[in-house]
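Structure assessment
These are the residues of each chain, in order.
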Amino acid sequence: MTQEQKVDIIQNGVVCIYAPNFTTNILYGDDTMIDNSIKKLICYGLEKKLFETRDEIYVTNRILEILGLDSFCCEETYTNVDLEETLNELLNFAVEKNIIEDSITHRDLFDTKLMGALLPRPSEVTKEFNRLYEISPKAATDYFYTLSCDSDYIRRYRIAKDVKWVTSTEYGNLDITINLSKPEKDPKAIAAAKSAPQSSYPKCMLCKECEGYAGRLNFPARQNHRIIPVTINNSEWRFQYSPYVYYNEHCIVFNAEHSPMAINHDTFRKLLDFVKQFPHYFVGSNADLPIVGGSILSHDHFQGGNYTFAMAKAPIEHKLSFDGYDDVEAGILKWPMSVIRTKSADPERLISLACKILDCWRGYTDEEAFIFAETDGEPHNTITPIARKNGDSFELDLVLRNNITTEEHPLGVYHPHAELHHIKKENIGLSEVMGLAVLPSRLKNEIALLEKAMLKGNDLRADEVLSKHADWADEISHKYSDINENNIDEIIKNEIGIVFSKVLEHAGVYKRDEKGLKSFLKFTESVK
């Protein structure tokens, strides 16, 4: 057979692709190692139903194009493919052939491009989601979440590296996680990103334009990303999953337009409308002010998922009544932060009451309790709202927030104070408010070093890395009569959980004592 006579052949599950105009300097058509890796990826896509058998040749050619190859032949069939291992094989090939640089950033951009070649178009995903929604909302989200994982948009092998545990406290079982799934950027990529041309497209990582975007050194690739259009409160929004999955089916619901975060009357309508459409999910919003808000204030969005946090299980500690709302159950939660829970079978009643509480809180000042609605024209009061369906009733939790700062507490009076920064210094966003600590990756190594140092009796204050933990370690040593190599890890993790409960107490605008309760009730009585 001459070069011109060679054709694509698919027979007995074997795909052989030959190119008559072969121009590359490297012939990998006979290289079984790279061919096997390509075939494994193809078999993975078929097994996960990312594409159909009819599309196998097309998808194979897309992979060859991305890898710069012009021929391929593999007779093997693979099952239970290890995706991480397979992608690493393909990435190593790309590095070896100088297709990409060997850095986390470049590798992530490239393997996302590979995975994108396997996926159906957004319209197909939306069509299947809507078809399954007619069966049940859960069937639709199950499909979409599985796709988001199988597409490697959610990198399960990285999520598995997160360190997680549960700490029992007076507020219930708090979830603690040390986030290791978000890759650290390497110095070369950071330097390259600074010198790269600046772009305002997409405007942020929550914009609908991210779907299918190739990415760049300072923006993640999203060829394997799919988004579902949803309508909430008669406005166009989008539904996707978080790539970092801090809890089960961690989803993000965002405005189709790039508009800033805003907590207003429509917020409550949108949250409860979403819960009506997806009753197996909770949904909440970060606050709309710096310090007490989330990491992205430039784009209006909510977060939700199929998970029950400790706050959702918290009982009402003090019942409340509001004039004109005798049909609404309300009360102050037994929770370290200042939360009003409202409950009713009629979501319109919850919306009406929430609007009154929000309006009152926005302009509320109580100098004795150090609550100031504004200083020098800067507003301080806002709310973190969370909605869920509980049986036949709807619940709307309203967490009172205030972002005032002082010389003593420059990061915020109602923010973790300096003595807790060795564990948690970052903003207290929606996940933390509900009882999930997302702690920095540095803690994994610091915990290991701290445990060894404490067992050896080292001087922590002389250690550059561990000195910040020294006072805390002294408290632990005095608290436990017997600390040994068999129990120290459990002790340290338990104490981290206790620190997190204190973090939430610091974030509460009303403290959990007699004076704090009196001030809290003073506010609720002012709601008219």
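Structure report, in brief.

**Observations regarding the packing of aromatic side chains**
According to the stated counting rule, one finds 27 aromatic pairs in the structure shown. Ring centres of Y133 and F278 lie 5.6 Å apart, and the angle between their planes is 65°; on these two criteria the pair is classed as edge-to-face. Of this pair, Y133 sits in helix 5 (residues 122–133) while F278 sits in the loop between helix 9 (265–277) and strand 9 (282–284), placing them 145 residues apart in sequence. Residue F278 is classed as buried on the basis of its relative accessible area of 2%. On the numbers, 5.4 Å between centres and 65° between planes, the contact of F239 with Y241 is edge-to-face. Each member of the pair, F239 as well as Y241, carries the same accessibility label: buried.

**What about the side chain of D162?**
Structurally, the position occupied by D162 is in the loop between helix 7 (156–159) and strand 4 (163–169). Although D162 is buried, it makes no salt bridge; K164 carries the closest opposite charge, 5.0 Å away. In this structure the side chain of D162 is engaged in a polar contact, spanning 2.6 Å, whose partner is the backbone nitrogen of L180. Only 2.8 Å separates the side chain of D162 from the backbone nitrogen of S181, close enough to count as a polar contact.

**Points about empty space enclosed by the protein**
To find the voids left in a structure, one rolls a probe of water-molecule size over its atoms. Tallied over the entire structure, the rule returns two cavities of 30 Å³ or more. In this structure, the largest cavity spans a volume of roughly 50 Å³. Every residue lining the largest cavity is listed: L119, F144, L147, S148, S151, Y153, N224, H225, R226, Q240 and Y241. Those elements that place two or more of their residues in the lining of the largest cavity are helix 6 (137–150) and strand 7 (235–241). If one sorts the elements of the lining of the largest cavity by residue count, helix 6 sits on top with three residues. Considering only enclosed or pocket space, the second largest cavity measures out at about 40 Å³ in volume. F322, D323, Y325, L353, K356, V527 and K528 are the residues that line the second largest cavity.

**Observations concerning the pattern of salt bridges**
Scanning the entire structure with this criterion turns up 31 salt bridges. Where R158 meets D108, a salt bridge forms, and the shortest distance between an N and an O atom there is 2.8 Å. In this pair, R158 is assigned in helix 7 and D108 in helix 4 (residues 104–116), connecting sequence segments 50 residues apart. On the basis of relative accessible area, R158 is assigned to the buried category, the value being 18%.

**Details of unusual backbone geometry**
The amide bond that connects Y201 to the next residue, P202, takes the cis arrangement and shows omega of -15°. Assignment of secondary structure puts P202 in the loop between helix 8 (187–195) and strand 6 (228–232). Positioned with a positive phi, N98 is a non-glycine residue whose angle comes to about 60°.

**Focus on the sheet that holds strand 18 (residues 436–439)**
Taking strand neighbours across the sheet as the criterion, the three strands line up as 4-5-18 in an open arrangement whose pairing is mixed. Two strands close off the open sheet at either side, each with one partner strand: strand 4 and strand 18. Pairs of neighbouring strands in the sheet enclose a mean axial angle of 20°, with direction left out of account. Note: strand 5 (residues 172–178) against strand 18, four bridges, orientation parallel. Within strand 18, the position partnered with T177 by the bridge is V438. Along the sheet, helix 15 (residues 488–507) contacts strand 4, strand 5 and strand 18; its crossing angle with strand 4, the most-contacted strand, is approximately 65°.

**Things to note about the layout of surface pockets**
Approximately 830 Å³ is the volume attributed to the second largest pocket. Forming the boundary of the second largest pocket are 29 residues, of which L50, L119, P120, R121 and E124 lie nearest the centre. Elements with a contribution of two residues or more to the lining of the second largest pocket: helix 2 (56–67), helix 4, helix 5 and helix 6. In terms of residue class, the lining of the second largest pocket is built from twelve nonpolar, five polar and twelve charged.

Thresholds applied
- Residues numbered from 1 in each chain as written.
- Predicted model: local features only at pLDDT ≥ 70, side-chain atom pairs only at ≥ 80, totals over all residues.
- Heavy atoms only, no water.
- Phe/Tyr/Trp six-rings, centres within 6.5 Å; stacked < 30°, edge-to-face > 60°.
- Helix = DSSP H or I, 4+ residues; strand = E, 2+ residues; numbered from the N terminus.
- Buried < 20%, exposed > 50% of the residue type's maximum accessible area, 1.4 Å probe, protein only.
- Lys, Arg positive; Asp, Glu negative; His and termini not counted.
- Salt bridge = Lys/Arg side-chain N within 4 Å of Asp/Glu carboxyl O.
- Polar contact = N/O pair within 3.5 Å; in protein donor to acceptor, adjacent residues only side chain to side chain.
- 1 Å grid on protein atoms, 1.4 Å probe; cavity = no way out; pocket = protein on both sides within 12 Å on 5 of 7 lines; lining within 4 Å.
- Points joined across faces, edges and corners; volume = space filled by probe spheres on them.
- Pairing = 2+ DSSP bridges.
- Axes fitted to C-alpha atoms, helices over the stretch in contact; angles between N-to-C directions.
- Contact = heavy atoms within 4.5 Å.
- Nonpolar A, V, L, I, M, F, W, Y, C, P; charged D, E, K, R; others polar.

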